[in-house]
Amino acid sequence: QVQLVESGGGLVQAGGSLRLSCAASGRTFSWYAMGWLRLAPGKEHEFVAAISGSGGSTRYSDSVKGRFTISRDNSKNTVYLQMNSLKPEDTAVYYCATGSGWPTLKYDFWGQGTQVTVSS
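Okay, so let's go over this structure.

As summarised here, the arrangement of the four strands in space is β1-β3-β8-β7, forming an open sheet in which the pairing is antiparallel. Two strands close off the open sheet at either side, each with one partner strand: β1 (3-7) and β7 (68-73). Each neighbouring strand pair of the sheet contributes to a mean axis angle of 15°, computed without reference to strand direction. Relative to strand β3 (residues 18-25), β1 runs antiparallel, the two sharing five bridges. In the strand pairing of β3, Gln3 is matched with Ser25.

See the structure below:
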């Protein structure tokens with residue numbers, strides 16, 4: 001059974017930074033791409049970033065490109081999302097997810113989410 005546990009969310013002022021972590025277990029971590037998605041109040045799930053199993057390829061949404069960085073440490077079964085220059089519109093619950101395929105992922109497993117709140 002795949003388990004994903006996010007951490008690192010919180011309250012930050014606009015312009016600040018946060019680093020999210022997602023610890024994975026239940027299967028060979030390095031074989032699968034990982035992604036971060038977010039859900040803001042009144043909106044649908046939005047893709048944020050994804051990284052291939054090896055970590056050699058990444059994708060970002062236009063809204064976070066240049067501000068967020070996704071990375072992974074396959075020795076620790078952990079994927080990260082470094083978020084800089086945060087804006088109030090980045091406020092959302094952030095989910096770590098994994099599945100099959102690359103560069104288009106079909107997300108089969110999701111974490112419980114971590115709240116990020118950016119104050120203006």
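This part covers the state of the cysteines. The term disulfide refers to a covalent linkage connecting the sulfur atoms of a pair of cysteines. The final tally for this structure, using the stated rule, is one disulfide. Note that Cys22 is cross-linked by a disulfide to Cys96, the S-S spacing being 2.1 Å. On the sign convention where negative is left-handed, the bridge of Cys22 and Cys96, at about -75° about the S-S bond, is left-handed. With a gap of 74 residues between them, Cys22 in strand β3 and Cys96 in strand β9 (residues 92-100) connect regions that are remote in the sequence. The exposure class of Cys96 is buried, given its relative accessible area of 0%.

Attention now goes to the environment of Phe68. By the secondary structure assignment, Phe68 is in strand β7. Taking the relative accessible area as the measure of exposure, Phe68 reaches 2% and is therefore buried. Setting aside its immediate chain neighbours within four residues, Phe68 contacts Arg38, Val48, Tyr60, Leu81, Gln82, Met83, Asn84, Leu86, Asp90 and Tyr94.

Calculation notes
- Residues numbered from 1 in each chain as written.
- Predicted model: local features only at pLDDT ≥ 70, side-chain atom pairs only at ≥ 80, totals over all residues.
- Heavy atoms only, no water.
- Pairing = 2+ DSSP bridges.
- Helix = DSSP H or I, 4+ residues; strand = E, 2+ residues; numbered from the N terminus.
- Axes fitted to C-alpha atoms, helices over the stretch in contact; angles between N-to-C directions.
- Disulfide = S-S within 2.5 Å.
- Buried < 20%, exposed > 50% of the residue type's maximum accessible area, 1.4 Å probe, protein only.
- Contact = heavy atoms within 4.5 Å.

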